[in-house]
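# Tertiary structure, described
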Amino acid sequence: MKQTDDHINVAIDGPAGAGKSTVAKLVAERLGYIYIDTGAMYRVVAYKALASGISPDDTAEAVRTAESIRIELRPGMQRQQVWADGKDVTDVIRSASVTSNVSAFAANPGVREILARKQQEMARKKGVVMDGRDIGTHVLPDAEVKVYLTATVEKRAERRFNELPDGTMSMEELREDIARRDDMDRNREHSPLVQAEDAIRIDSTYMTIEEVTESILDICSNVMNQGVEQNE
Ligand code: CDP
């Protein structure tokens, strides 16, 4: 029991390109925690469904895909490796077709329920840093630390542009894709993207990755120290 008592869960939510995955991975490394990229899980469902000719409008088939798929997140050197049914799908889930369809699959309440349950199971023993859209509001409402990480849409498009291999998408295409996904994620009925009431908002527009990481680590150590004081 003692071991899990010492650990906390950290939820990092926010719109596309705010830097969540980079920062969440670094925070997890520094704390010795497990990093869980929930966006990758939605991308796997979208990838598998599209590969089987299932469109986001085929809601029942999309749910069946989410139900049947075995998703594994494995630590990697640069970024987390994503495996689906025993195959490495780390790169293919970042393709333009998956990116432009993923929010439509993620609006499906049945798909969300299945993935949220898997995510809750992964966080049960605590000691996870989980990034997504609905972690602090819906998946882990009791997370000890909740951060809402945001930045202007221009800055987010610029960051994505610098991350992607040359020629994948233009800056303007990225800006449009991000704005469209933000809009769908914010306006869907089931667990939309919204800042949790008890989340700390960080605007990363003018901050470096190191600065954002340090701010989140500070929040975590404050919460952990409070926990220690309360136990004394
Ligand atoms: O990395 P990027 O910000 O482009 O997106 P992602 O984190 O890979 O997530 C891809 C999509 O999955 C988002 O645009 C959302 O539509 C959906 N998603 C979600 O609905 N809920 C989550 N917890 C995580 C992702």
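Scoring rules and cut-offs
Residues numbered from 1 in each chain as written. Predicted model: local features only at pLDDT ≥ 70, side-chain atom pairs only at ≥ 80, totals over all residues. Heavy atoms only, no water. Pairing = 2+ DSSP bridges. Helix = DSSP H or I, 4+ residues; strand = E, 2+ residues; numbered from the N terminus. Axes fitted to C-alpha atoms, helices over the stretch in contact; angles between N-to-C directions. Parallel < 35°, antiparallel > 145°, perpendicular 65-115°, else oblique. Left-handed = near helix turned anticlockwise from the far one by under 90°. Contact = heavy atoms within 4.5 Å. Nonpolar A, V, L, I, M, F, W, Y, C, P; charged D, E, K, R; others polar. Core = buried A, V, L, I, M, F, W, Y, C linked by side-chain atoms within 4.5 Å. Buried < 20%, exposed > 50% of the residue type's maximum accessible area, 1.4 Å probe, protein only.

### So, the sheet that holds strand β5 (residues 87-88)
In a beta sheet, neighbouring strands pair by backbone hydrogen bonds and run either parallel or antiparallel. Across the sheet, which stays open at both edges, the 3 strands sit in the order β3-β4-β5 with antiparallel pairing between neighbours. With one partner strand each, in any of the chains shown, β3 (71-74) and β5 form the two edges of the open sheet. Pairing analysis gives 2 bridges linking strand β4 (residues 81-84) to β5, with the strands arranged antiparallel. Bridging from a neighbouring strand, W83 pairs with D88 of β5.

### Quick look at the packing of helix α3 (residues 38-51) against helix α6 (residues 109-122)
With their axes 11 Å apart at the nearest point, α3 and α6 run at an angle of 140° to one another. Classed by the angle they form, the pair α3 and α6 counts as oblique. For the pair α3 and α6, the crossing hand works out as right-handed. From α3, T38, M41, Y42 and V45 reach across to α6, where they touch V111, R112, L115, K118, Q119 and M122. Across the contact of α3 with α6, the residue classes break down as 6 nonpolar, 2 polar and 2 charged.

### Description of the nonpolar core
Formed by 35 residues in total, the largest nonpolar core has its most connected members in V44 and V111. If one sorts the elements of this core by residue count, α3 sits on top with 7 residues. With sequence-adjacent residues up to four places away left out, V111 is seen in contact with Y42, V45, A62, V63, A66 and F105. Ranked by size, the runner-up nonpolar core spans 20 residues in total, among them V10, A24, V145 and I216.

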